[in-house]
Amino acid sequence: MIPFNRASITDKEIEYVVDALKGRRLSGDGPYTMKVYDRVRELLGIENMLLTTSGTTALELASLLIDLEPGDEVIVPSFTFSSTANAFMLRRAQPVFCDIRRDTMNIDETLIEGLITPKTKAIYTVDYAGMPCEYDAIEAIAREYGLYIIEDSAQSFGSTYRGRNCGTFGQFGCYSFHETKNYAMGEGGGLVLNDESFLDRAEILREKGTNRRQVLKGMVDKYTWHDVGSSFLPSDVLAAILYAQLERYDEIMAKRLAVWNAYHEGLVDLENDGLLARQVVPEGATHNGHMYNIVCPTSEIRTQVVSRLNEQGMYPYICYVPLHSAPMGLKIGYDPAACPVTEDYGERVLRLPLYADMTVEDANNVVSALNDVLRGA
Ligand SMILES: Cc1ncc(COP(=O)(O)O)c(C=O)c1O
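Summarised in this report is the structure supplied together with it. All values derive from a computational prediction rather than experimental measurement.

### Details of the overall build of the chain
Then step 1. When you go through the chain residue by residue, the secondary structure sums to 15 helices and 13 strands.
Then step 2. With respect to the three principal axes, the spread of C-alpha positions in the chain is 70 × 55 × 35 Å.
Then step 3. Burial statistics for the chain: of 377 residues in total, 56% are counted as buried.
Then step 4. Across the chain, every contact between residues at least 6 apart in sequence was considered, and the portion connecting residues at least 24 apart equals 70%.
Then step 5. Summed over its atoms, the accessible surface of the chain is roughly 15500 Å², and 51% of this surface lies on carbon and sulfur atoms.

### Quick look at the pattern of salt bridges
Then step 1. What the rule picks out here adds up to 25 salt bridges.
Then step 2. In this structure, Glu139 and Arg164 form a salt bridge, with 3.0 Å as the shortest nitrogen-oxygen distance. Of this pair, Glu139 sits in helix α6 (residues 135-145) while Arg164 sits in strand β7 (residues 164-165), and the two are 25 residues apart along the sequence.
Then step 3. Judged by its relative accessible area of 34%, Arg164 is partly exposed.

### What about the packing of helix α3 (residues 55-65) against helix α7 (residues 199-206)?
For any two helices packed against each other, the geometry comes down to the angle between their axes and how far apart the axes lie.
Then step 1. Two numbers describe how α3 lies on α7: the axes approach to 10 Å, and their chain directions differ by 125 degrees. With respect to their mutual orientation, α3 and α7 come out oblique. With respect to the hand of their crossing, α3 and α7 are arranged in right-handed fashion. Listed contacts from α7 to Leu61, Leu64 and Leu65 of α3 are Arg201, Ala202, Leu205 and Arg206.
Then step 2. Per-class residue counts for the contact of α3 with α7 are five nonpolar, no polar and two charged.

### Some words on the side chain of Gln279
Then step 1. Its place among the elements puts Gln279 in the loop between β10 (277-278) and β11 (285-286).
Then step 2. Since its relative accessible area comes to 2%, Gln279 is described here as buried.
Then step 3. Only 2.9 Å separates the side chain of Gln279 from the backbone oxygen of Thr104, close enough to count as a polar contact.
Then step 4. For Gln279, the side chain forms a polar contact with the side chain of Asn293, separated by 3.0 Å.
Then step 5. Contacts of Gln279, omitting those with residues within four sequence positions, involve Asp103, Thr104, Met105, Tyr128, Ala129, Met131, His264 and Asn293.

### Re a nonpolar patch on the surface
Then step 1. A cluster of nonpolar side chains, Ile9, Ile14 and Val18, forms an exposed patch at the surface whose accessible area comes to about 260 Å².
Then step 2. Of note, Ile9 is situated in the segment before α1 (11-22).

Parameters and conventions
Residues numbered from 1 in each chain as written. Predicted model: local features only at pLDDT ≥ 70, side-chain atom pairs only at ≥ 80, totals over all residues. Heavy atoms only, no water. Helix = DSSP H or I, 4+ residues; strand = E, 2+ residues; numbered from the N terminus. Buried < 20%, exposed > 50% of the residue type's maximum accessible area, 1.4 Å probe, protein only. Contact = heavy atoms within 4.5 Å. Areas by Shrake-Rupley, 256 points an atom, 1.4 Å probe, with all protein chains shown as cover. Salt bridge = Lys/Arg side-chain N within 4 Å of Asp/Glu carboxyl O. Axes fitted to C-alpha atoms, helices over the stretch in contact; angles between N-to-C directions. Parallel < 35°, antiparallel > 145°, perpendicular 65-115°, else oblique. Left-handed = near helix turned anticlockwise from the far one by under 90°. Nonpolar A, V, L, I, M, F, W, Y, C, P; charged D, E, K, R; others polar. Polar contact = N/O pair within 3.5 Å; in protein donor to acceptor, adjacent residues only side chain to side chain. Patch = residues over 30% accessible without salt bridge, like charges linked within 9 Å, V, L, I, M, F, W, Y side chains within 5 Å.

Here it is, written out as structure tokens:
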């Protein structure tokens, strides 16, 4: 059987969790959380990241920090997970859905300017499948119109665009360390603060609106309520899992890329014969092998592929129903025709199984099953 995802757990994760438990330091911001921060600094040069309870709450915290108000507009791709939009809609800001590029499946940067109005406050980008967006163009637009960029880098920890790490574009990057992500802690996330002036308030909002973190840093001896915040700290026991995963950073990256490359090479003939399209790596980018996506010729063929692969114990995954034409999108008045590429890809994109402990042989077996079904065997 080849599932769509399987967490990669070694003795190291188990050892660190046991150690965290033995230390009886179960709440947030404990020793393993600090080790994670040091490791992220060492790996990616990121100075300020705060662990959160999920990628979703990292996005929510970013949305609180930019003081969105009811009626503000946010430009966001529709080809994404609900969390990207929920984060600012909880602040009563309105999504303005932007279509995606056919090659990289990321927000089409050439369409952004046409969606800007006097109410636009921010662009929420999504590095789909760990592929960076076209940040040179997006940053230029944000600068010209005075907009925030919030990067939903849930899937792109370890990817780069023109030498810069995903998560470091705009004011905030939002990583996910959910079980399905490359580096996991079960449920968890990280808010990257690229503008240090937000740091003090972020620490307060993340700690139920109190300055408790200043107590932990020895700056004050009593903490009190300073702002309207919430509880966004994950347990240090979960941070212990993530620390082990980050110690295995190179190993996990290499294993995922080996599987990704096996798919990419193995599927070239099917693409040349017009039987599928492969997702394109953006120019000047490196990616983290988070997902492997194909575009099937039709929705019916995708359904057929899924059922034939399932019969052989292989479990590809239909990733996104576009947000603008999902039940919630329709409820708030969006037109399914608003983002035609997204609508089309929502019917045809298929995510193949990919996880660190999958073998190249597993990938070759999936490729062979795809050949059979797409060539009508
Ligand atoms: C693009 C995107 N944004 C946000 C999230 C939310 O992350 P989490 O599951 O950690 O809340 C995910 C997770 O699947 C995601 O893929």
